[in-house]
Number of protein chains: 2
Amino acid sequence: MSGTRWLTDAEQRVWRDFSVAVNMLRAHLESQLQRDAGMPHAYYEILVVLSEAPGRVLRMSELALATRSSRSRLSHAVARMEANGWVRRESCDTDKRGSFAQLTAAGLAALAEAAPGHVEAVRESLFDVLTPDQVRQLGEISAAIRGKLAPRCAEAEAAELERLEHGD
Amino acid sequence: MSGTRWLTDAEQRVWRDFSVAVNMLRAHLESQLQRDAGMPHAYYEILVVLSEAPGRVLRMSELALATRSSRSRLSHAVARMEANGWVRRESCDTDKRGSFAQLTAAGLAALAEAAPGHVEAVRESLFDVLTPDQVRQLGEISAAIRGKLAPRCAEAEAAELERLEHGD
DNA sequence: TACCTATGGTTGAGCCCTCAACTATTTCTG
DNA sequence: CAGAAATAGTTGAGGGCTCAACCATAGGTA
C-alpha cells in the first residue's frame, strides 16, 4: 500500500500551471535585471534592504536574516558587490568577529538606476494581468504558504541543532 | 517627471509576501529532492517528461521545449544524467544532426524513488495550506501570468531574430 | 584562569545555469 | 547544383549557489 497522497488531476494542472508561471516570472525578472542593470535579482534585494536600513549599514548576520540568505551566500555576494564598489565592508569595534556591510553612493546609484525597470517589469507581468481581487487572493495564498514554511525552516534548524548536539 | 508606475504599499506587501513564499517553496522542494533523491528539481522534471513520452524517448529539442529549458541547459543536464545512468543518448537516422534522449530503467527507477517524497512535499507545503477556493484562484492567477509571459517569450525570440537579422 | 562551546563570518570545491561561440547537417533559393 | 541561411546540438567560460570545513572571537563554566 502506497501511503503517498498523489495529486488529483485538477491539483496537478494547478501545480504545473503555477510552477510554469513562477519559473517564467522568475526568469523574466532575472534576465531583465541582468540585462538592464547588470546584477542578479539576489543582489538587487540586498541593495534594497541595505538602502532601507538606518545609515544604510547592517551587520552581515542581520542582512542575511533580512534577505533570508545563508551566511555563506551573503558573504560571497557581498564580496562581489564590494568588488563592484556597491558596498563596503567595515569591521565592528564592539565585536571583533563581526563586520558591517555599508552601502556606498555607487551602490545607491546602481539601485536607483535599476529600480524603475525592475518595478515596471513586476507591474507588467504580475499586477497588470491580475484583477484587484486576484491580487488580494494572491496575498492571502502567499501568506498561507509563508505561514507553513517559515516555521518549517525554524523547525529544520532546530532539528539540525538536535542532530549536531547528539552527534547523531 | 518619473514615468515609473511604482507599487502602492498594498501591492508592495503582496509582492514581498509572494516573493518570499515562492522562494521558500522553491528552496524547500529543491532541498528535499536533493537530500532525498540526489537530484535537482530540474532533473526531476526532465525525468517526468521523459517518462510520459511514448517509448520514453524524445528528441533533445522536443525535450527542451517540454521542459521550457534552453538547449544548452538541457544538453548539460542530459550529459550529467547520462553519466548517472538515468538516460541514454541515441543518434537519429533521419536527421543526422539530431539526437534522442532515452530514459533508462535506472532513470525510471530513480524517478519512482523520488516521486513520493516530492509529491508529499508539494502537498504539504502547498495544497494542504490552501482552501479549495484558493487552489482554484491560484490556478487562475497562474494562467493569467502564463498568458502574459508565454507570448512575451515568443516576442523576445522574435526581437532577437530581428536583431540578428539586421546586424543591429 | 583555563577550558569548552557557541557565534560571526569567510573560504573552496563542486554543481547548475547562462551566454556566446562553434560544428555539423539540412533546407532554402537563385 | 552551389551557396546562403536555418536548425540541432555541444562546448567552455564565467557567475551564483550550496555544503562542509574552517578561523577567530565571545561567552559561559569549572
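Anyway, here's the lowdown on the structure attached to this text. Given the structure is predicted, the values throughout are model-derived calculations rather than measurements.

**Considering the protein's contact with DNA strand C**
And step 1. In the neighbourhood of DNA strand C, 22 residues make up the surrounding shell, with Ser61, Arg89 and Arg97 of chain A together with Ser72 and Arg80 of chain B lying closest.
And step 2. One of the backbone N or O atoms of Ser99 of chain A is found 2.9 Å from a phosphate oxygen in DNA strand C.
And step 3. Within the side chain of Arg80 of chain B, a nitrogen or oxygen atom sits 2.6 Å from a phosphate oxygen of DNA strand C.
And step 4. Listing elements by their share of the surface near DNA strand C, those giving two or more residues are helix H3 (60-66) and helix H4 (71-83) of chain A together with helix H2 (41-52) and helix H4 (71-83) of chain B.
And step 5. By residue class, the composition of the surface near DNA strand C is four nonpolar, nine polar and nine charged.

**Structural notes on the interface of chain A and chain B**
And step 1. Of the residues lining the interface, 55 residues belong to chain A; the matching set on chain B comes to 55 residues.
And step 2. Between chain A and chain B, roughly 5500 Å² of surface is buried when both sides are summed, and carbon and sulfur atoms account for 68% of that area.
And step 3. One can count ten salt bridges joining chain A with chain B.
And step 4. A salt bridge links Asp128 of chain A to Arg5 of chain B, with the nearest nitrogen and oxygen atoms 3.0 Å apart.
And step 5. Across the contact surface, chain A and chain B share 16 residue pairs in polar contact (both at pLDDT 80 or more).
And step 6. Mapped by element, the contributors of at least two residues to the side of chain A that touches chain B are helix H1 (9-37), helix H2 (41-52), helix H5 (105-125) and helix H6 (132-165) of chain A.
And step 7. When residues in the side of chain A that touches chain B are grouped by element, the largest group, 17 residues, is from H6 of chain A.

**Focus on the sheet that holds strand S2 (residues 87-91) of chain B**
All names here are of chain B.
And step 1. Taken in spatial order, the three strands line up as S1-S3-S2 in an open sheet, and their pairing is antiparallel. Of all the strands in the sheet, the pair left with one neighbour each is strand S1 (57-59) and S2. Strand-to-strand, the axes of this sheet are offset by a mean angle of 25 degrees, without reference to chain direction.
And step 2. Direction of pairing for S2 relative to strand S3 (residues 99-103): antiparallel, over a ladder of five bridges. Looking at the pairing, Arg88 lines up with Gln102 of S3.
And step 3. Seen against the sheet, H2 touches S1, S2 and S3 and runs at an angle of roughly 95 degrees to S3.

**Digging into the pattern of salt bridges**
And step 1. For the structure on display, the rule yields 22 salt bridges over all chains.
And step 2. Linking Arg16 of chain A and Glu52 of chain B is a salt bridge whose minimum nitrogen-to-oxygen distance equals 3.1 Å. Of this pair, Arg16 of chain A sits in helix H1 while Glu52 of chain B sits in helix H2, on two different chains.
And step 3. With relative accessibility at 49%, the residue Glu52 of chain B sits in the partly exposed group.
And step 4. Residues joined in a network through salt bridges with shared partners are Arg5 of chain A together with Glu120 and Asp128 of chain B.

**Side note on the protein's contact with DNA strand D**
And step 1. Taken together, 22 residues lie around DNA strand D, and Ser72 and Arg80 of chain A together with Ser61, Ser75 and Arg97 of chain B are the ones closest in.
And step 2. When the atoms of DNA strand D within 4 Å of the protein are sorted by group, sugar and phosphate make up 63%.
And step 3. Contributing elements (two or more residues each) for the surface near DNA strand D: H2 and H4 of chain A together with helix H3 (60-66) and H4 of chain B.
And step 4. Partitioning the surface near DNA strand D into residue classes produces four nonpolar, nine polar and nine charged.

**Some details on the packing of aromatic side chains**
Residue and element names in this part refer to chain A.
And step 1. What the rule picks out here adds up to two aromatic pairs over all chains.
And step 2. Ring geometry for Trp15 against Phe18: centres 6.2 Å apart, planes inclined by 50 degrees, an arrangement best described as tilted. Taken together, the positions of Trp15 and Phe18, both in helix H1 and three residues apart, correspond to about one turn of that helix.
And step 3. For Trp15, a relative accessible area of 12% gives the class buried.
And step 4. By relative accessible area, Phe18 is classed as buried at 7%.

Here is what the cut-offs are and how they apply
Residues numbered from 1 in each chain as written. Chains lettered and ligands numbered in written order. Predicted model: local features only at pLDDT ≥ 70, side-chain atom pairs only at ≥ 80, totals over all residues. Heavy atoms only, no water. Near = heavy atom within 4 Å. Polar contact = N/O pair within 3.5 Å; in protein donor to acceptor, adjacent residues only side chain to side chain. Helix = DSSP H or I, 4+ residues; strand = E, 2+ residues; numbered from the N terminus. Nonpolar A, V, L, I, M, F, W, Y, C, P; charged D, E, K, R; others polar. Contact = heavy atoms within 4.5 Å. Buried area = accessible area lost by both parts, 1.4 Å probe. Salt bridge = Lys/Arg side-chain N within 4 Å of Asp/Glu carboxyl O. Pairing = 2+ DSSP bridges. Axes fitted to C-alpha atoms, helices over the stretch in contact; angles between N-to-C directions. Buried < 20%, exposed > 50% of the residue type's maximum accessible area, 1.4 Å probe, protein only. Phe/Tyr/Trp six-rings, centres within 6.5 Å; stacked < 30°, edge-to-face > 60°.

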